[in-house]
Amino acid sequence: MDNIVKPKVTLVGAGPGDPDLLTIKGAKALAQANVVLYDALANEEILDYAPKNAIKIFVGKRKGCHEYSQAKINQLIVDNALTYGNVVRLKGGDPFIFGRGSEEIEYILSFGIPTFVIPGISSSIAVPANQGISLTKRGVSESFWVITGTTSDHKLSNDVALAAKSTATVVILMGMSKLEQIVTLFQNESKGETPVAIIQNGTMPNEKVGFGTIDTISQVVKDNNLSSPAIIVIGEVVKERNKLKGIYKEYISNKVCARE
């Protein structure tokens, strides 16, 4: 009876990139995994939390480089759960923020397999914060939009045009290939002077950042050789970044001094 396989799937948010930003609950789930299926945007260092004998399968998807289709990933999750039992599906950021987590769960549940979700720290919030950008600030920004830059039909989301009309902070994921269209939409709203930050490989050692305005950001991207994966942050809060960055530096130096 001990050899009976008990299928179970847990979707774990891997966080924005820095392995230290994985949640404790996520690490505990990985420690119990028989199989781990992980994305391109999930830091491979996180796999160290899984048992050494666990099967680890890369199913990464990035623009122009799809290791597996979503349908194949869905089937791999189910097949491994039925064969080996406890499967962890490790997804970059949070599984439910443009991670197609709900689609995977719907498919898995159709086979009667128990499914659980462990939220992750979304890059849409953590990456700007790591650069000292507060998405909301009293008297500056009362709300923020998080929008996908590229929809399922490979077009720019119509929500970007709506967001450009607001005073909210706008965070665009997967939007680097649509940057010129984004710039045009904001210029059409007379927002050429609106501050912009582009953060590539956020929270990682190879993080790169470019700052400018709607009118200058395209040149900033060229000058700094910025590319995907990157997050675009548009709004007046970007101007507050330098003040906050000083606070972060002081905090980090104080931690080092305390250790010494």
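Residues numbered from 1 in each chain as written. Predicted model: local features only at pLDDT ≥ 70, side-chain atom pairs only at ≥ 80, totals over all residues. Heavy atoms only, no water.

Comments concerning the packing of aromatic side chains
Rules: Between the rings of Phe, Tyr and Trp (Trp by its six-membered ring), a pair exists once the centres lie within 6.5 Å; its type follows the angle of the planes, with under 30 degrees stacked, over 60 edge-to-face, and the other angles tilted. Here's how the labels work: a residue is buried when its accessible area is under 20% of the maximum for its type, exposed when over 50%, partly exposed in between, all with a 1.4 Å probe on protein chains only.
Under the defined criterion, the tally for this structure stands at two aromatic pairs. An angle of 55 degrees between the planes, with centres 5.2 Å apart, marks the rings of Tyr107 and Phe111 as tilted. On the basis of relative accessibility, which here comes to 26%, the residue Tyr107 falls in the partly exposed class. Relative accessible area serves as the criterion here: at 40%, Phe111 is assigned to the partly exposed category.

Observations concerning the sheet that holds strand β2 (residues 35-38)
Heads up, the condition is: The rule for pairing is simple: two strands pair if DSSP sees at least two bridges between them. Under the scheme used here, helices are H or I runs from DSSP no shorter than 4 residues and strands are E runs no shorter than 2 residues, and both carry numbers assigned from the N terminus. The axes used here are C-alpha line fits, helices contributing only the stretch in contact, and every angle between their N-to-C directions lies in the interval 0 to 180 degrees. The contact definition used throughout considers only heavy atoms, calling two residues in contact when any of these lie within 4.5 Å.
The sheet built from five strands is open, its strands ordered β3-β2-β6-β1-β7 with parallel pairing. Edge strands, defined here as strands with exactly one partner in the open sheet, are β3 (55-58) and β7 (115-118). Looking at each pair of strands side by side, their axes are set apart by 20 degrees on average, direction ignored. Of the strand pairs in this sheet, β2 and β3 are connected by four bridges, and their pairing is parallel. In the strand pairing of β3, Val36 is matched with Lys56. Packed onto the sheet, helix α2 (residues 70-84) meets β1 (8-13), β2, β3 and β6 (86-91) and runs at close to 150 degrees relative to β6.

Focus: the sheet that holds strand β9 (residues 169-173)
Across a sheet, strands are paired by hydrogen bonds formed along the backbone, either parallel or antiparallel in direction. Read across the sheet, five strands follow the order β8-β9-β12-β10-β11 without closing on themselves; strand pairing throughout is mixed. Where the open sheet ends on each side, the last strands, each with one partner, are β8 (144-148) and β11 (208-213). Each strand axis lies, on average, 15 degrees off the axis of its neighbour in the sheet, ignoring direction. Across six bridges, strand β10 (residues 195-200) lies against β11 in antiparallel orientation. When the bridges of β11 are listed, Pro195 appears paired with Thr213. Along the sheet, helix α6 (residues 179-188) contacts β9, β10 and β12 (230-234); its crossing angle with β12, the most-contacted strand, is approximately 5 degrees. Contacting β10 and β11, helix α7 (residues 217-224) runs over the sheet at an angle of about 155 degrees to β11.

As for helix α4 (residues 123-130)
Structurally, the α-helix is built with 3.6 residues per turn, so residues lying three or four positions apart point the same way. Residues Ser123, Ser124, Ala126, Val127 and Pro128 constitute the buried set of α4. Against the buried residues of α4 lie β8, β9, β10 and β12.

Focus: the side chain of Ser157
For the record, the criterion: Identification of polar contacts relies on pairs of N or O atoms within 3.5 Å, with a donor-acceptor requirement for protein atoms, meaning one able to donate a hydrogen and the other able to accept it, and with residues adjacent in sequence counted only if both atoms are side-chain atoms.
By the element assignment, Ser157 lies in the loop between β8 and α5 (159-164). In terms of polar contacts, Ser157 uses its side chain to reach the backbone amide nitrogen of Asp159, at 3.1 Å. The contacts of Ser157, once residues within four sequence positions are left out, are Ile147, Thr148, Gly149 and Thr151.

Notes on unusual backbone geometry
The linkage connecting Ser228 with the following residue, Pro229, adopts the cis geometry, with an omega of 0 degrees. Its location among the elements puts Pro229 in the loop between α7 and β12. Located in the positive-phi region is Ser190, a residue other than glycine, with phi close to 60 degrees. Mapped onto the elements, Ser190 comes out in the loop between α6 and β10. For Ser190, a relative accessible area of 69% gives the class exposed. You will see that Thr203, though not glycine, has its phi angle at about 70 degrees, which is positive.

Considering a nonpolar patch on the surface
Note the threshold: Put simply, a patch holds well-exposed residues, over 30% relative accessible area, that have no salt bridge, with like charges counted together within 9 Å and Val, Leu, Ile, Met, Phe, Trp or Tyr side chains within 5 Å. All accessible areas in this document rest on Shrake-Rupley with a 1.4 Å probe, and a residue is counted as covered only by the protein chains that are shown. Salt bridge criterion: a side-chain nitrogen from Lys or Arg within 4 Å of a carboxyl oxygen from Asp or Glu.
Together, Ile97, Phe98 and Met174 give the surface a local cluster of nonpolar side chains, amounting to about 260 Å² of exposed area. Relative to the assigned elements, Met174 resides in the loop between β9 and α6.

Focus: the nonpolar core
The line we're drawing: We define the nonpolar core as a collection of buried residues of types Ala, Val, Leu, Ile, Met, Phe, Trp, Tyr and Cys that are connected through side-chain atoms lying within 4.5 Å of one another.
Grouped together as the largest cluster of nonpolar side chains are 22 residues, with contacts concentrated most on Ile182, Phe186, Ile198, Ile217, Ile232 and Ile234. Looking at this core, the elements that each hand over two or more residues are α5, β9, α6, β10, α7 and β12. Tallying contributions element by element places α6 first for this core, with four residues. Dropping the residues within four chain positions of it, Ile232 is found in contact with Val170, Val171, Ile172, Gly175, Met176, Leu179, Ile182, Val196, Ala197 and Ile198. One finds Val36, Ala50, Val88 and Leu90 within the second-largest nonpolar core, a separate group that totals 17 residues.

A short note on the environment of Val117
Inspection of the secondary structure assignment puts Val117 in strand β7. The class of Val117 is partly exposed, set by a relative accessible area of 32%. Along the sequence, Val117 and Phe96 sit 21 residues apart, while their C-alpha atoms lie 9.3 Å from each other. Those residues within four positions of Val117 in sequence are excluded, and the remaining contacts are Leu11, Pro95, Phe96 and Ile105.

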